[in-house]
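Coordinates in review
Listed here are the chains, written in short residue letters.
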Amino acid sequence: MNPSNEPLLDVRDLSVRYLTARGQVRAVDKVSFNVQPGEVVGLAGESGSGKSTIAHALLRILHPPAVITGGQALFEGRDIMAMDDPELEAFRWSKISIVFQSAMNALNPVMKIRDQITDVMLHHGVDKSEAAQRAVDLFDLVGIEPARLDAYPHQLSGGMRQRAVIAIALALKPPMLIMDEPTTALDVVVQKDILEQITELRKKLGFSILFITHDLSLLVEISTHISIMYAGDIVEKAPARELFENPKHPYTLGLMNSFPSISGAKQKLVGIPGSPPDLVAPPSGCKFHPRCAKAMPVCSQIAPVNRQLSADHSVACHLFDK
Amino acid sequence: MTVNIDCKSASSSRFGKSVSAQWDFFRRVLNQPKAIIGLVILVLFMLMAIFAPLLAPYDPSEYVGLANQPPSAEHWLGTTGQGQDVFSQMIYGSRISLFIGFTVGIMSTLIGLIVGMIAGYLPGVVDGVLNVFTNVFLLIPGLPLLITLASFLPQGMVTVILVLSFTEWAWPARVFRSQMLCLREKDFVSASVVSGERMPRIVFAEIMPNMLSLVISSLFGSVVYAIASDASLAFLGFENVNIVSWGTMLYWASNSSALLQQAWWTFLPPGLCIALVSFSTTMLIYAMDEVTNPRLRSEKEITRVLNKYHIGSKRSTPVLHEPIE
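Residues numbered from 1 in each chain as written. Chains lettered and ligands numbered in written order. Predicted model: local features only at pLDDT ≥ 70, side-chain atom pairs only at ≥ 80, totals over all residues.

Section: the overall build of chain B
Per the secondary structure count, chain B includes 15 helices and zero strands. For chain B, the residues scored as buried account for 37% of the 325 residues in total. Across chain B, contacts joining residues at least 24 apart in sequence account for 70% of those joining residues at least 6 apart. (Helix = DSSP H or I, 4+ residues; strand = E, 2+ residues; numbered from the N terminus. Buried ≥ 20, exposed ≤ 12 C-beta atoms within 10 Å, placed from the backbone. Contact = placed C-beta atoms within 7 Å.)

Structure, rendered in structure tokens:
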């Protein structure tokens, strides 16, 4: 938790491309961020901005035609991008585990939940009786009756399935969890339950989270730091409060204006006009300039670089060139 | 009192694939080299069958020369053990073989479609009964049944077509039924039920267009099977051996011990023709499969790109260190 410590995960200039018949899709373009121990880092952006691609690339589980075209991801000093298959197999789940977007698709419909939880532990060399005991403990931990371990996925409700998936992610006590839109498929009430559960578990077990969502209001609630992604770039990085109260990048402002506020006078919601760019041939200069209300002539010519506004608030926008 | 929902607008164009999407599909199939090869061969054979009287130099049943003559300028593919012109026989033989092949293919696909779609759409008693029938026909060994039927029924082309269709519909029926079971659960089917469409319309106008590519590839598969079965029946002598077809050519070649006489020109042409027609239809099926299954296509593309950058393992996301352009 000490920021002067070496970060748990340090991503430097990570680039991911999809090779398609139409050309290369630059899904993630030289993205850098880090996750400190015990921190919750949020990654937000609209659909297709590359946030899920980052999550999957960090575990190297993207399937071709995706290729990682550069960069490093140092986890406890080891570069994930330099690992070979056996190393990755030992690394995944024991160091970083992932909670997938759709719990129904993440669980095997013809296997009992118990077997799906113990499966990963047995694979990583935990012995049978211990794995069985841990399965019970894990269900206790995420707040499901351990008797339900013998259920099949379709016999559980959506919220319970997501809890079961979180239990599986915690099976090997990893120091870091990636949560890829864990609550998108759930209704708001269950969503709140799950988020509280995650916060509580994090306090108890002390893992870090890379939390990916398009729901900015939710991120502000749960995370300590937030990175905003647009078209494969991180455009703004700041502590959660700071970003919420003092957003700088026009895109972040647009996102903020897309959410209704519960308190205060009724305001007309302002969205962001236009749609995300085609990443096979992204716009020149700043990729956001065709949709930006504050675009200047320079925006279409030169890609903005990250400007440090304060110790931990940075933004990539020409408005802040000094 | 009755609420009349206009179901015209709720036709397949809104819920299933549109007609133009189907055309686009066939256009993409025809862009494949495999499809072009298959189509060219098939069309050549069809032209050969249609214009047989113009192409054949002799009457195929007439004894026009000495027996077992090797290919010469007079008889391009030699003569049979009975002294008929092999080239003319091969050309005329395509008529019977292709006709039987396509008729049986269409008939068995149609029967399979009707049985399979109805069984799949109506679970319970209807499905139970039709499924038992299908299973029985799948289980009975094909060739013995063919031979038994063909030897007891009056000889002739109609008999052959009926017998082959009768023994062949079960496999397509099974395929269509399983596809139906899957499509039946889709929302667009519920939408057509709610909008008051009748069962035949839902099954054949709403659902069937969604499996058109499967129907066509099954049709071609049946054609190949029918041509081969027809040739086997004829070769075994269970057809009217006085008709000229590729199968009866093989029968006569075998009868006059062509192998012993080393008269390769009597059995190679009909054998090659059967193989080529099978090859062409199989190529068409492959081409269709590749278009309907984009995975196959992208897989090929990916392997090509990965090989280009010398990336072997595909279990984990590959990391490229050199820049790609």
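Here we look at the overall build of chain A
Counting secondary structure elements, chain A contains 10 helices and 12 strands. Here chain A holds 322 residues, and the buried ones make up 42% of them. Long-range pairs, those at least 24 residues apart, make up 65% of the contacts in chain A between residues at least 6 apart in sequence.

Some points on the sheet that holds strand β5 (residues 78-79) of chain A
Sheets are built from strands paired through backbone hydrogen bonds, the pairs being either parallel or antiparallel. Residues and elements named next belong to chain A. Pairing within the open sheet is antiparallel, and its four strands lie in the order β2-β1-β4-β5. On the outer flanks of this sheet lie β2 (23-35) and β5, each paired with one strand and no other. In this sheet, β2 lies alongside strand β1 (residues 9-20) in antiparallel orientation, the contact comprising nine bridges. Within β2, the position partnered with L19 by the bridge is Q24. Sheet strands touched by helix α1 (residues 51-58): β1, β2 and β4 (66-75). Its angle to β2, the strand with the most contacts, is close to 70°. (Pairing = 2+ DSSP bridges. Axes fitted to C-alpha atoms, helices over the stretch in contact; angles between N-to-C directions.)

A few points about unusual backbone geometry
Residue and element names in this part refer to chain A. Despite not being glycine, E181 shows a phi value in the positive range, around 45°. Position of E181 among the secondary structure elements: in the loop between β7 (176-180) and α7 (188-205). Look at E181 and you get partly exposed, because 19 C-beta atoms sit within 10 Å. Non-glycine residue A231 carries a positive phi angle of around 50°. By the secondary structure assignment, A231 is in the loop between β9 (225-230) and β10 (233-239).

Focus on the confidence of the model for chain B
When the pLDDT values of chain B are averaged, the result is 82; 88% of them are 70 or greater. Two numbers describe this predicted complex: its pTM, 0.69, and its ipTM, 0.72. (pLDDT = per-residue confidence, 0-100.)

Observations concerning the pairing of β4(A)
Where a strand is regular, its side chains alternate between the two sheet faces. Residue and element names in this part refer to chain A. Judged by how many residues are buried, β4 sits mostly within the fold: seven of 10 residues are covered. Bridge analysis of β1 against β4 gives eight bridges, and the strand direction is antiparallel. Within the sheet, the bridge partner assigned to R12 lies in β4 and is Q72. Taking the residues that link successive antiparallel strands as the turn, the β4-β5 hairpin has two residues, and the phi of E76 there is positive, at about 50°.

Things to note about the nonpolar core
A:L58, A:V165, A:A167, A:L210, A:F211 and A:I228 are the most contacted members of the largest nonpolar core, which has 86 residues in total. Broken down by element, the residue count for this core peaks at seven residues, all from helix α6 (residues 158-169) of chain A. The contacts of A:L210, once residues within four sequence positions are left out, are A:V35, A:V41, A:L43, A:A55 and A:I178. Membership of the second largest hydrophobic core comes to 47 residues, among which are B:V86, B:F238, B:A253 and B:A287. (Core = buried A, V, L, I, M, F, W, Y, C linked by C-beta atoms within 7 Å.)

Describing the environment of A:L309
Residues and elements named next belong to chain A. Within the element layout of this structure, L309 appears in strand β11 (residues 307-310). L309 gets classed as partly exposed once you count the C-beta atoms within 10 Å, which come to 16. If we skip the residues at most four places from it in the chain, L309 touches K248, S314, V315 and F320.

Re the sheet that holds strand β8 (residues 208-213) of chain A
All names here are of chain A. Reading across from one edge, β6-β7-β8-β3-β9-β10-β12-β11 is the order of the eight strands in this open sheet, with mixed pairing throughout. Bordering the open sheet on either side are β6 (96-99) and β11, each of which pairs with just one other strand. Each neighbouring strand pair of the sheet contributes to a mean axis angle of 20°, computed without reference to strand direction. One ladder, built from six bridges, connects β9 with β10; its direction is antiparallel. Bridge pairing links M229 to I234 in β10.

Points about α6(A)
All names here are of chain A. Its 12 residues place the ends of α6 17 Å apart at the C-alpha level, agreeing with the 16 Å of an ideal helix rising 1.5 Å per residue. When you tally the buried positions in α6, you get 11 out of 12 residues, the bulk of the element. For α6, every residue scored as buried is listed here: G159, M160, R161, Q162, R163, A164, V165, I166, A167, I168 and A169. Tucked into the core, α6 has its buried residues touching β6, α3 (103-106), α4 (113-123), α5 (128-142), β7 and α7. (Expected span 1.5 Å × (residues − 1).)

Overview of the packing of helix α5 (residues 86-121) of chain B against helix α13 (residues 246-255) of chain B
All names here are of chain B. As a packed pair, α5 and α13 sit with axes 7 Å apart at the nearest point and diverge in direction by 130°. Put simply, α5 runs oblique to α13. Where α5 abuts α13, its residues Q89, G93 and S97 lie against W246, G247 and M249. Grouping the amino acids of the contact of α5 with α13 by side-chain chemistry returns two nonpolar, four polar and no charged. (Parallel < 35°, antiparallel > 145°, perpendicular 65-115°, else oblique. Nonpolar A, V, L, I, M, F, W, Y, C, P; charged D, E, K, R; others polar.)

Considerations on the packing of helix α7 (residues 142-152) of chain B against helix α8 (residues 157-168) of chain B
Working note: a packed helix pair is described by the angle between its axes plus the distance between those axes. Residue and element names in this part refer to chain B. Where α7 meets α8, the axes come as close as 10 Å, and the angle between the chain directions of the two elements is 150°. In the packing of α7 onto α8, the handedness of the crossing is right-handed. On α8, the residues touching G142, L145, L146, L149 and A150 of α7 are T159, V160, V163 and T167. Residues that form the contact of α7 with α8 fall into these classes: six nonpolar, three polar and no charged. (Left-handed = near helix turned anticlockwise from the far one by under 90°.)

Examining the pairing of β8(A)
All names here are of chain A. Burial within β8 is extensive, with six of its six residues counted as buried. What you see with β8 is no split at all: S208, L210 and I212 on one side and I209, F211 and T213 on the other are buried throughout. Looking at chain direction, strand β3 (residues 40-44) and β8 are connected through five bridges and run parallel. Its bridge partner lying in β8, V40 is registered against I209. Judged from the five bridges that link them, β7 and β8 form a sheet pairing that is parallel. From the neighbouring strand, I178 faces β8, where its bridge partner is L210.

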